[in-house]
Amino acid sequence: MKISKNVGITSWILTCMYFVIEPFFVMSSIAPYSLMDHAMSDLGVTSCGEYTYALAAYDICSPYHFWMNILFIVNGITFSIGILYLSQQLEQNKKNRIGTICLLLLALGNIVSGFIPADVNLFWHSIFAQLGMVTFLIGLWLFGKLLVRGKWWTYCILVSLIILVVFIVLLVFIPLPAGLLQRMFYGVTFLWGTVLAVILANNKGAYR
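Residues numbered from 1 in each chain as written. Predicted model: local features only at pLDDT ≥ 70, side-chain atom pairs only at ≥ 80, totals over all residues. Heavy atoms only, no water.

S.K.: Tell me about the layout of surface pockets, and please be specific about residues and values.
M.R.: For the largest pocket, the calculated volume is near 910 Å³. Taken together, 31 residues make up the lining of the largest pocket; nearest its centre are Ala-39, Ser-41, Leu-55, Gln-130 and Gln-182. Sorting the residues of the lining of the largest pocket by element identifies α3 (65-88), α4 (94-115), α5 (122-146), α6 (151-170) and α7 (178-199) as the ones contributing at least two each. Take the lining of the largest pocket: its biggest share by element is 7 residues, from α5. (1 Å grid on protein atoms, 1.4 Å probe; cavity = no way out; pocket = protein on both sides within 12 Å on 5 of 7 lines; lining within 4 Å. Points joined across faces, edges and corners; volume = space filled by probe spheres on them. Helix = DSSP H or I, 4+ residues; strand = E, 2+ residues; numbered from the N terminus.)

Structure representation (structure tokens):
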């Protein structure tokens, strides 16, 4: 089924709306919550207290966790539609198929994290999102090789995300603002798709 231009662009705009809606859940948190330090998924944790999951050595209490998890699921769905829209603008070949799968894995991570909160099962909650952060880089590179319009935009975003992933890896060794880095990764990702969807709105010459 072909995704129309209006649906494709709207799906990316709705994906970006995550960052408009999230602050309402932050403000509703009963426990102190820091956008700089706390993971996005902490807002979807279903229980209150310290060590609600293995990595949370701090207090968490999000009374509207159910709706936050719904937001993760909806965000993952709109994210997926946006990726599929971009994919159909490109030459349909093996690079496109592999690249699309690599990009979709990150969107799948958002959906899974909504269905399986961190305190229910941390491994399944996070595995697709963690893998997706790596495969997304591969997907961007493959899409960049197919694009004519939006090629350098995609490559600039790829470099930005590589730098962010390096900093995220360094969290193991250095105390860095984990929440901020995670939000920057998703923010840059959503911005990439939104801008590229507009660039490719007229798909003539979208790929070589």
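S.K.: Pulling in residues and values, what's your account of empty space enclosed by the protein?
M.R.: The final tally for this structure, using the stated rule, is 1 cavity of 30 Å³ or more. Empty space within the largest cavity amounts to approximately 50 Å³. Every residue lining the largest cavity is listed: Ser-29, Ala-31, Pro-32, Tyr-33, His-38, Asp-42, Leu-43, Tyr-58, Asp-59, Ile-60, Cys-61 and Ser-62. Looking at the lining of the largest cavity, its residues break down into 7 nonpolar, 3 polar and 2 charged. (Nonpolar A, V, L, I, M, F, W, Y, C, P; charged D, E, K, R; others polar.)

S.K.: Which residues make up the state of the cysteines, and what are the values?
M.R.: Taken as a whole, this structure holds 1 disulfide when the rule is applied. The disulfide that involves Cys-48 links it to Cys-61, with 2.0 Å between the sulfurs. On the sign convention where negative means left-handed, the S-S torsion of about 60° between Cys-48 and Cys-61 marks this disulfide as right-handed. Taken together, the residues Cys-48 in the loop between α2 (18-28) and β1 (49-50) and Cys-61 in the loop between β2 (59-60) and α3 connect sequence positions 13 residues apart. In this model Cys-16 remains outside any disulfide bridge; the closest cysteine sulfur is found in Cys-156, 18 Å from its own. Overall, the relative accessible area of 26% leaves Cys-16 in the partly exposed class. (Disulfide = S-S within 2.5 Å. Buried < 20%, exposed > 50% of the residue type's maximum accessible area, 1.4 Å probe, protein only.)

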